[in-house]
Amino acid sequence: MANVLVIDGNYQINRAMHVGSFSELRDPAGNKTGGLFGFMSIMETLQGKVPADRVVVVWDGGRSIRRETIYPPNKETMTGYKVGRGILPTMTAAEIAEKTEFYKNLEYQKSIATPLLGALGIHVIQYPQREADDVIAYLSRLLVADGDRVCLATDDSDYVQLVGPNVVVFKPLVSRFVTMENFVTEVGVPQDWAAFKKAVIGDKSDDIPGVVGVGDKTIDGFIQCYIKEEVKSQVTGQFDNDHFMRLYNDHYFRGYFTPDLAKFYDFASRSSSSRVQKIPAAKSLIARNIQLVDLSLERFPDIVATAFRSKLGNRLAYNEQMVVGMLSQFGMNSFLENYAKFSKM
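The paragraphs below set out a description of the structure included in this document. (Residues numbered from 1 in each chain as written. Predicted model: local features only at pLDDT ≥ 70, side-chain atom pairs only at ≥ 80, totals over all residues. Heavy atoms only, no water.)

Considering the pairing of strand β4 (residues 149-153)
In step 1: The buried count for β4 comes to 4 of 5 residues, which makes it a mostly enclosed element.
In step 2: Here strand β1 (residues 3-8) runs beside β4; their pairing, made up of 5 bridges, is parallel. Within the sheet, the bridge partner assigned to Val6 lies in β4 and is Leu152.
In step 3: Inspection of the sheet shows β4 paired to strand β5 (residues 167-171) by 4 bridges, in the parallel sense. Of the residues in β5, the one forming a bridge with Val150 is Val167. (Buried < 20%, exposed > 50% of the residue type's maximum accessible area, 1.4 Å probe, protein only. Helix = DSSP H or I, 4+ residues; strand = E, 2+ residues; numbered from the N terminus. Pairing = 2+ DSSP bridges.)

Structure, rendered in structure tokens:
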């Protein structure tokens, strides 16, 4: 059984490009390298926080055709899956130039990161027309099926739905793990309800609208209320508070409760809260959003499993000369003093 660290490369490098202290960093040739610098800083953090036998970085391979079919981007109405990521009719020439330059520079920095990661002995995976989170979800299932333990390094809240007995999430920014044991404390709802919660509140970063007026506190509190009612219905005979609390803790905190949305919507429709009543009224929107946010729904050809297993089974050698050369070439001299620590990842 191996401990495998899986990193959403796109999320980490993209986020670093927006950090003020990194955004203007450049290599000796004048090219921006702040995203790459921030990415290597995260890698340095992970090396000390998450012991791993193998490390994998996953890049986006393009937009999900399945999601764009479900919620087609429409630049005229400014609606649709990730519509805001592209060039829009309302943009000025300066805004278009800025966004074009950003994505061009993102690809440039990824093109540097890929061979550098290979030299560090880290596998890089990218699959055409699949987003990194879908690839990571699929890869996690394969690794767990093979008996491995998986740690997903990301601050992206989408990934918490993948947490399970052999999958944890590590949030580098706050240096915290999300596990089955602390899931409710970290996320607000049991693990089985994570994708549903995301579908209800939506995702602004992906231009997925949620139920208007319903936020984290409303959905978290009502799911807790609903589970309490369901547990009460399972207590037979004379009501025993100790028995109730044991059942409640099993269902709520340990994720032993499979959502029954028909019963949930019926319960919500009878709520005295006008905000909660909006949830069953938006069933069609929520159903569409589940198709967009649930990371278990993207499908891959059977041959991909064989290809991924073969790739990860081939250990990459640490290439010290190449690592030192690339760190020097691209102006990341601050990593040179401790570059050898990366060989231990």
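Points about the sheet that holds strand β2 (residues 54-58)
In step 1: Across the sheet, which stays open at both edges, the 6 strands sit in the order β3-β2-β1-β4-β5-β6 with mixed pairing between neighbours. Pairing within the sheet leaves two strands with one partner each, and these edge strands are β3 (123-125) and β6 (176-178). Neighbour-to-neighbour, the strand axes of this sheet turn through a mean angle of 25°, independent of strand direction.
In step 2: Relative to the sheet, helix α6 (residues 132-145) contacts β1, β2, β3, β4 and β5, its axis offset from that of β1 by approximately 175°. (Axes fitted to C-alpha atoms, helices over the stretch in contact; angles between N-to-C directions. Contact = heavy atoms within 4.5 Å.)

Considerations on the nonpolar core
In step 1: Counting residues in each nonpolar core, the largest one holds 61 residues, and the members touching the most others are Val6, Leu152, Phe196, Phe264 and Ile286.
In step 2: The contact partners of Val6, leaving out residues within four places of it in the chain, are Val56, Val58, Ile136, Leu139, Leu143, Val150, Cys151, Leu152 and Ala153.
In step 3: Grouped together as the second largest cluster of nonpolar side chains are 36 residues, Leu5, Phe39, Val50 and Phe330 included. (Core = buried A, V, L, I, M, F, W, Y, C linked by side-chain atoms within 4.5 Å.)

Here's the deal with empty space enclosed by the protein
In step 1: Within this structure, the stated rule accounts for 1 cavity of 30 Å³ or more.
In step 2: Considering only enclosed or pocket space, the largest cavity measures out at about 60 Å³ in volume.
In step 3: Every residue lining the largest cavity is listed: Arg67, Tyr81, Asp133, Asp158, Lys198, Asp203, Asp206, Ile208, Leu292, Val293 and Leu295.
In step 4: Partitioned by chemical class, the residues of the lining of the largest cavity number 5 nonpolar, no polar and 6 charged. (1 Å grid on protein atoms, 1.4 Å probe; cavity = no way out; pocket = protein on both sides within 12 Å on 5 of 7 lines; lining within 4 Å. Points joined across faces, edges and corners; volume = space filled by probe spheres on them. Nonpolar A, V, L, I, M, F, W, Y, C, P; charged D, E, K, R; others polar.)

Some thoughts on the packing of aromatic side chains
In step 1: Throughout the structure, instances matching the rule amount to 17 aromatic pairs.
In step 2: With centroids separated by 5.9 Å and ring planes inclined at 35°, the aromatic side chains of Phe39 and Trp59 adopt a geometry described as tilted. Placement of the pair is Phe39 in helix α3 (residues 34-49) and Trp59 in the loop between β2 and α4 (65-70), with a sequence separation of 20 residues.
In step 3: Every member of this aromatic cluster is reached through a ring pair, and the members are Trp193, Phe196, Phe222, Tyr226, Phe264, Tyr265 and Phe267.
In step 4: Its guanidinium or amino end placed over the ring of Phe300, Arg130 lies 4.9 Å from that ring's centre, counting from NZ or CZ.
In step 5: We note Arg288 situated over the ring of Tyr71; from NZ or CZ to the ring centre the distance is 3.9 Å. (Phe/Tyr/Trp six-rings, centres within 6.5 Å; stacked < 30°, edge-to-face > 60°. Lys NZ or Arg CZ within 6 Å of the ring centre and 35° of its normal.)

Shape descriptors only; they carry no functional weight alone.
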